[in-house]
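Descriptive analysis of the structure
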Amino acid sequence: MVAELSITTNFTFLTGASHPEEHMQRAALMGLSAIAVADVNSVAGIVRAHAEARRIAREVAEIETRLRDGRFIGPPAPPGLPPPPSANIRNVPRLIPAARIVLSDGPEFTALAATRAGWARLCRLISRGRLRAPKGDCALRMEDVLEGMEGLELLLHPPARALDPGADWRRQADRLARRFAAQMHLALAPVYDGQDARRFDLWAEEAARLGLPALATARPLMHHGRRRRLADVMTAIRTGTRVDALGRAALANGEQRLRSPAEMRRLFRGHEAAVERTGALAARCSFALDELRYEYPSEVAEGESASQRLNRLAREGLRWRYPEGAPERVTKLIEHELALIAKLNYEPYFLTVRDIVAFARARGILCQGRGSAANSVVCYCLGITSVSPEIGTMVFERFVSEARDEPPDIDVDFEHERREEVIQWIYDRYGRHRAGLCATVIHYRGKRAIREVGRAMGLSEDTVAALSSQLWGFYGMSGTEAERLREIGLDPADRRLGQTMELIDEIIGFPRHLSQHVGGFVITEGRLDELCPIENASMEDRTVICWDKDDIDALGILKVDVLALGMLTCIRKAFDLMRQHHGADYTLATLPQEDRATYDMLCRADSVGVFQVESRAQMNFLPRMRPRCFYDLVIQVAIIRPGPIQGDMVHPYIRRRNGEEPVTFPSDALGAVLGKTLGVPLFQEQAMQIAIVGANFTPDEADRLRRSLATFKKHGNVSEFRTRFLRGMAANGYDRDFAERCFSQIEGFGSYGFPESHAASFALLVYASAWIKRHHPGLFACALLNAQPMGFYAPAQIVRDAREHGVEVRPVCINRSYWDNAMEPDGRGGLALRLGFRQIRGMKEEDAAWIAGARGNGYRSVEDVWRRAGVAPALLARLAEADVFADLRLPRREALWQARALRAPAPLPLFEGQMEGEGIAEPAARLPAMTLGEEVVEDYVAMRLTLRAHPVALLRDRLTPPGAWERGAPAGTGA
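Here the structure is a predicted model, which means the values were calculated and not measured.

Quick notes on the rules
- Residues numbered from 1 in each chain as written.
- Predicted model: local features only at pLDDT ≥ 70, side-chain atom pairs only at ≥ 80, totals over all residues.
- Heavy atoms only, no water.
- Helix = DSSP H or I, 4+ residues; strand = E, 2+ residues; numbered from the N terminus.
- Buried < 20%, exposed > 50% of the residue type's maximum accessible area, 1.4 Å probe, protein only.
- Contact = heavy atoms within 4.5 Å.
- Areas by Shrake-Rupley, 256 points an atom, 1.4 Å probe, with all protein chains shown as cover.
- Patch = residues over 30% accessible without salt bridge, like charges linked within 9 Å, V, L, I, M, F, W, Y side chains within 5 Å.
- Salt bridge = Lys/Arg side-chain N within 4 Å of Asp/Glu carboxyl O.
- Phe/Tyr/Trp six-rings, centres within 6.5 Å; stacked < 30°, edge-to-face > 60°.
- Lys NZ or Arg CZ within 6 Å of the ring centre and 35° of its normal.
- Pairing = 2+ DSSP bridges.
- Core = buried A, V, L, I, M, F, W, Y, C linked by side-chain atoms within 4.5 Å.
- Axes fitted to C-alpha atoms, helices over the stretch in contact; angles between N-to-C directions.

A count of helical and extended segments in the chain gives 41 helices and 17 strands. Within the chain, the fraction of its 975 residues that count as buried is 55%. Residue pairs at least 24 apart in sequence account for 74% of intrachain contacts in the chain once pairs closer than 6 positions are excluded. Summing over all exposed atoms, the chain offers an accessible surface of approximately 42200 Å²; the carbon and sulfur share of this is 51%.

Time to look at unusual backbone geometry. At the junction of Gln788 and Pro789, the peptide bond is cis and its omega measures out at 5° in the coordinates. By secondary structure assignment, the location of Pro789 is in the loop between α33 (777–786) and α34 (795–804). Despite not being glycine, Tyr192 shows a phi value in the positive range, around 65°. At Asn345, a residue that is not glycine, the phi angle is positive and equals roughly 60°.

A few words on a nonpolar patch on the surface. Taken together, the side chains of Leu932, Val952, Leu954, Leu955 and Leu959 present a nonpolar region at the surface, about 380 Å² in accessible area. Mapped onto the secondary structure, Leu955 falls in the loop between α39 (932–943) and α40 (956–959).

This part is about the environment of Phe885. One can find Phe885 in the loop between α37 (873–881) and α38 (892–901). According to the relative accessible area criterion, Phe885 is buried, its value standing at 0%. Considered as a pair, Phe885 and Asn815 are 70 residues apart in the sequence and their alpha carbons are 8.4 Å apart. Aside from chain neighbours lying at most four places away, what touches Phe885 is Ile814, Val862, Val865, Leu876, Leu879, Ala880, Leu890 and Ala895.

Turning our attention to the packing of aromatic side chains. Using the criterion set out here, one finds 17 aromatic pairs in the structure. Measuring from centroid to centroid gives 6.0 Å for Phe11 and Phe13, while their planes differ by 50°, and the two rings are tilted. Of the residues examined, Phe11 reaches a relative accessible area of 3% and is grouped as buried. On the basis of an interplanar angle of 90° and a centroid distance of 5.2 Å, the ring pair of Phe611 and Phe762 is categorised as edge-to-face. Of this pair, Phe611 sits in the loop between α21 (596–603) and α22 (616–625) while Phe762 sits in helix α32 (residues 756–775), placing them 151 residues apart in sequence. Within the aromatic cluster, the residues linked to one another by ring pairs are Trp119, Phe287 and Trp547. Above the face of the Tyr380 ring, Arg321 is positioned so that its terminal group lies 4.3 Å from the ring centre.

It is worth spelling out the pairing of strand β14 (residues 560–565) at this point. Walk down a regular strand and you will see the side chains alternate between the two sheet faces. Counting buried positions along β14 yields 5 of 6 residues, so the element is predominantly enclosed. Bridge count for strand β9 (residues 411–415) against β14 is 5 bridges, and the pairing is parallel. Bridging from a neighbouring strand, Asp411 pairs with Asp561 of β14.

Looking now at the pattern of salt bridges. Within the structure shown, the criterion is met by 80 salt bridges. For Glu263, the salt bridge goes to Arg259, with nearest N and O atoms at 3.5 Å. With respect to class, Glu263 is no different from Arg259; both count as buried. The salt bridge partner of Asp826 is Arg828, with a shortest N-O separation of 3.5 Å. Counted as one network, the salt bridges with shared partners bring together Glu808, Arg810, Glu824, Asp826, Arg828 and Arg834.

As a further point, take the nonpolar core. If you look at the biggest cluster of nonpolar residues, it comprises 129 residues, and the most contacted ones within it are Ile101, Trp119, Leu156, Phe350 and Trp547. Residue contributions to this core peak at 8 residues, all from helix α12 (residues 347–362). Among all residues touching Trp119, those that are not within four sequence positions of it are Val43, Ile46, Pro97, Ala113, Phe287, Leu289, Leu292, Glu530, Leu531 and Trp547.

Quick look at the environment of Cys782 now. The topology assignment puts Cys782 in helix α33. A relative accessible area of 0% places Cys782 in the buried class. Residues Cys782 and Ala802 lie 20 residues apart in sequence; the distance between their C-alpha atoms is 9.1 Å. Among residues more than four places away in sequence, those in contact with Cys782 are Leu577, Asn821, Ala822, Met823 and Leu833.

If you walk across this open sheet you meet the 7 strands as β1-β2-β3-β4-β5-β6-β7, and the pairing is mixed. With one partner strand each, in any of the chains shown, β1 (3–7) and β7 (214–216) form the two edges of the open sheet. Strand-to-strand twist across the sheet, computed as the mean angle between neighbouring axes with direction ignored, equals 30°. As judged from the 5 bridges shared by strand β4 (residues 109–113) and strand β5 (residues 152–156), these two strands associate in the antiparallel manner. Considered in β5, the bridge of Leu112 is made with Glu153. Contacts between helix α3 (residues 116–131) and the sheet are confined to β3 (94–101), β4 and β5, with β3 contributing the most and set at about 30° to the helix.

In short, the description is geometric, and any link to function would need to be established separately.
Below you can see the structure in the form of structure tokens.
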């Protein structure tokens, strides 16, 4: 048995030229007994190889079962998709988790995790190096290694091209060999320069001198030799040069690839024992990622077990939510949910989310839970969500399932301005050795691939810019792309351009670097850095793990999503304003429900600023949908998405809703799944239920289908499910056309489908924001402006919409404005919206605080602001340009003239107490008054909005043909 124990994948970014999955597939076809994915100071790609090994094992088992039963195996995979393992594979390669450790002051070596303790040691070693270095770097030293490498097998790598290692390397190798001789081999690796035979002999002698056995490795950078060109392109990108200027940095040939056992024996002729030792060493490495036993924090507090604590808090919450007594249905639901949670031992997870939400509420931070388990009675009673179970339509078992044994999923959205407080509290409570954010793998997509590959291939900047702007969504050189190249003035037959296009297509989907997840926290009972390495994020005070959400899902690791949502900031500020000005104390759960006036407003598409329904597409759809109840909003949120649109579900639903088309179901079974959406699948859960009910998928197969669809553009393994789906539908009596249409709809949901549980939580925020806008338009506009940047609309559009709703909007004033926009009495018993200093371009909150703090009974002049607030003359000029001195009867130009006259950064002590007019005399300047057009332009320059006139109003006489008002302006004139 032969193993390859030092593979570099493309998770050694811009170096390895193949995905971990490709190495695993190729190793299975070659008959290798084991492979070790060993990226440089990283284990980021290991879970991908692990998941692929499990997939291949399932396929092989299914093939063997079908062969044994004499059943048809099925057609080959379509062109362009990776073929499944052939039927003659009997040995799926075992994955050995590993990493290639590069020291700043010592030789390189590959560390193989032989035991669970070895894996923990490897993760802590990598964590140490990465936490002492900036994001993306790792600073490991010899002293870190000499502290101990228990549970690891080590492969010592000689200098790659050297025939004599030199005295420094020998000295360092002697130290390692003396310390770890019992667990170390010396690696023999070919360089393919014609001197490998001599090199192997010399290194074998060096191994004997060190007292180490020699071991063979091809040290592959790619799974197949055809990736050589791509490897050179990535080297050029990494080094910032062109491919034709790489010189010795380029690969000499395509030989540094994964090798079969026969090829390894041929390459190492005369050193066959080194090849055979690979299998023996692989056999000693018994650890597999399946052994990782993730332990969630126990959440035991004050002597209460997690189960006791959850039961107590849930029942207290039931009394809080229903002070007059809970309905019988709700009482039964909470008992059922608590029993299922206890059976699956998920109490700690719900408690963690509850504690995070409780911290936020104690700090006055508005939050709202969503996700597969969030819309439940337990979460409602714990305060995680404000969606009442009377409104919800989901079945708890669909998300917390005993049959599937899947972890629950709860995302919590927090105010975007204050989420960092929550994140730092999590770090403080659990410690950075127990909590970390997930990574997000940034993959090559169209524009970046075109730019970086184009430059590496030597294309001109003009050509790269043209390709990037015109072909950013391109995935292959079909006739259409060739025609588009001609349209932008490029020749598709050009050899270099053709090679560039092929390489762009090849690099699409390759990992580029790691970023941090938007808020997915992994929290552990023990040390997180013994489960996975931890490293610094680019943001200060953030630490992340190197695995993304798909990786931790594959390993069954729970995460808690702590996300940011701008609308929650807006709603909380609106609640504060209502409490301040109207004495109304509302929460998301206590807003008046099913308000007719609110739905009337939405039916008119009067939804500027309203959460989720403010886009042009949503506004066009609202009058057709005409929502009249909360569940209509749930559908409204979910239906205008690429998934339902791509699957052609929008128009059939509207026709059925309006009675233009009969509501029919292909079968009673599917009718139970699609009944509430009139026979049209609109939610991701329904798409998966179609696979289960209509095509006899198991829950596990349906979940794998969902995951496959979500990534099919990257990995291309959706075809295996298509055949399975069509056969299952045919077996249940559904015709081929219907089955094809169903699968097409499911494909539409793959990347863009919206779960019903998320839609319900978002619908609550739609209703809340719409209710505030309908009943308190001024307060809503004020809160929306104070929550910027967020949403679809600029402040100018928000202000214009508020004025159209009868809100008096007042300009920024040096004597009345603060940093935030505020509501003030309008003198008629109502409230007016006073714009704040934050609307002025380039203004800082600190400067606004100084101006407001030193204002006293009011400023009398520009110089008065300068003397009392101590702000710089440049800022006073900016304020003058924004016309904030109008209340002092100072026109914009005169105020700017006075601000420019102030030369010193601060008043001179000698003149500090003098009144205006007693200082240095200056002749009065006669400045011409600004026209209305000039005022509007200056407003937009200073604040990006104006309260004077709409810009088009100044041009209306030019846009309207003579006599149009008498005749009636024709359509399209702009009148």
